[in-house]
Amino acid sequence: MEISKELISKVLEIDKRLLRIDEIKENHIFFYTMSNVGEYQNYINIYELAFKCKEWVYNEGYMMKIENHYLNSIQIQIRKPTANSMYKEPWKKTFKNEIDGMIQVCQWILDNK
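Per-chain numbering applies: the sequence of each chain, read as written, is numbered from 1 onward. Two thresholds apply to this predicted model, a pLDDT of at least 70 for residue-level local features and 80 or more for giving and counting side-chain atom pairs, whereas whole-chain, interface and lining totals are computed over all residues. Based on all heavy atoms of the structure, the side-chain values leave hydrogens and waters out of the count.

K.L.:
For this particular structure, what's the right way to read the packing of helix 2 (residues 46-59) against helix 3 (residues 98-111)?
P.N.:
Helix packing geometry: the angle between the two helix axes and the distance between the axes. Between helix 2 and helix 3, whose axes approach to 9 Å, the crossing angle comes to 40°. It follows that helix 2 is oblique to helix 3 by the angle criterion. Helix 2 and helix 3 meet at a crossing whose hand is left-handed. Where helix 2 approaches helix 3, its residues Ile46, Tyr47, Leu49, Ala50, Cys53, Lys54, Trp56 and Val57 are matched on the opposing element by Glu98, Ile99, Met102, Ile103, Val105, Cys106, Ile109 and Leu110. When residues are sorted by character, Ala, Val, Leu, Ile, Met, Phe, Trp, Tyr, Cys and Pro go into the nonpolar class, Asp, Glu, Lys and Arg into the charged class, and all the rest, Gly among them, into the polar class. Residue composition of the contact of helix 2 with helix 3, by class: 14 nonpolar, no polar and two charged. Geometry is summarised by axes, namely lines fitted to C-alpha atoms with helices restricted to the contacting stretch, and by angles between N-to-C directions that run from 0 to 180 degrees. Strands here are runs of E lasting at least two residues and helices are runs of H or I lasting at least four, both read from the DSSP assignment and numbered beginning at the N terminus. Note on angle classes: values under 35 degrees are labelled roughly parallel, values over 145 roughly antiparallel, values of 65 to 115 roughly perpendicular, and the remainder oblique. With the far helix as reference, a near helix turned anticlockwise by less than a right angle produces a left-handed crossing, and one turned clockwise produces a right-handed crossing. Contacts: residue pairs with any heavy atoms within 4.5 Å of one another.

K.L.:
Would you explain the pattern of salt bridges in this entry?
P.N.:
Oppositely charged side chains can pair when the atoms bearing their charge come close. When a carboxyl oxygen of Asp or Glu lies within 4 Å of a side-chain nitrogen of Lys or Arg, that pair is called a salt bridge. Inspection of the entire model under this criterion finds five salt bridges. Its salt-bridge partner being Glu98, residue Lys54 comes within 2.4 Å of it at the nearest N-O pair. With Lys54 in helix 2 and Glu98 in helix 3, the pair connects residues that are 44 residues apart, well separated along the chain. Each residue is assigned to one of three classes by its accessible area relative to the maximum for its type, calculated with a 1.4 Å probe on protein chains only: buried under 20%, partly exposed between the two thresholds, exposed over 50%. Overall, the relative accessible area of 29% leaves Glu98 in the partly exposed class. Measuring nitrogen to oxygen at the nearest pair gives 2.7 Å for the salt bridge that ties Lys113 to Glu60. Of this pair, Lys113 sits in the segment after helix 3 while Glu60 sits in the loop between helix 2 and strand 4 (63-68), and the two are 53 residues apart along the sequence. Judged by its relative accessible area of 63%, Lys113 falls in the exposed class.

K.L.:
I would appreciate a short explanation of the packing of aromatic side chains in the present structure.
P.N.:
A ring pair, where both rings are aromatic, is described by two values, the distance of the centres and the angle of the planes. Centres within 6.5 Å are what make two rings of Phe, Tyr or Trp a pair, Trp counting through its six-membered ring; a difference in plane orientation under 30 degrees is then read as stacked, over 60 as edge-to-face, and the rest as tilted. Scanning the entire structure with this criterion turns up two aromatic pairs. For the ring pair Phe30 and Tyr43, a centre distance of 5.8 Å and an interplane angle of 40° mean the geometry is tilted. Taken together, the residues Phe30 in strand 2 (residues 28-34) and Tyr43 in strand 3 (residues 39-45) connect sequence positions 13 residues apart. Relative accessible area serves as the criterion here: at 18%, Phe30 is assigned to the buried category. Here the aromatic rings of Trp91 and Trp108 are separated by 4.9 Å at their centres, their planes lie at 25°, and the arrangement is stacked. Separated by 17 residues along the polypeptide, Trp91 in strand 6 (residues 91-95) and Trp108 in helix 3 bring together distant segments of the chain. Accessibility expressed as a relative area gives 26% for Trp108, which makes it partly exposed.

K.L.:
Sorry, what's going on with unusual backbone geometry here?
P.N.:
Most of the time, phi is negative for any residue but glycine, and the peptide bond is trans. In this structure, Glu26 takes a positive phi of about 50° despite not being glycine. Within the secondary structure, Glu26 sits in the loop between strand 1 (17-25) and strand 2. Using a relative accessible area of 68% as the deciding quantity, one classes Glu26 as exposed. Positive phi, normally seen in glycine, also occurs at Asn27, with a value near 65°. By secondary structure assignment, the location of Asn27 is in the loop between strand 1 and strand 2.

K.L.:
Just checking my understanding: could you explain the side chain of Ser73 for this structure?
P.N.:
Looking at the secondary structure, you find Ser73 in the loop between strand 4 and strand 5 (74-79). If we ignore the near neighbours within four places in the chain, the residues touching Ser73 are Glu67, Asn68, Thr94, Phe95 and Lys96.

In short, shape yes, function no, at least from these values alone.
Structure, rendered in structure tokens:
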């Protein structure tokens, strides 16, 4: 699972400078931030990050649909209304689990702004 610094900063609304993502270990993501006082190690549980990703997707104006898809996978579909209230063709993809899916959905939104 790869997570960008930009994604962590946006989803967690980090107001300090995010220096680096250190490691993913035992369902936690460890990262370092810099404030005017110094460098700090922070962490977040990956399940909490997935939940915050869902909130962020909705706050960005997207609608989302998550479905079980075949054996041991899920499909996530997102779409955003256009100016005339019509919806563009949805973006959808199948993932091995919801955590990976939510992180990749957020990264796709960031990459396509």
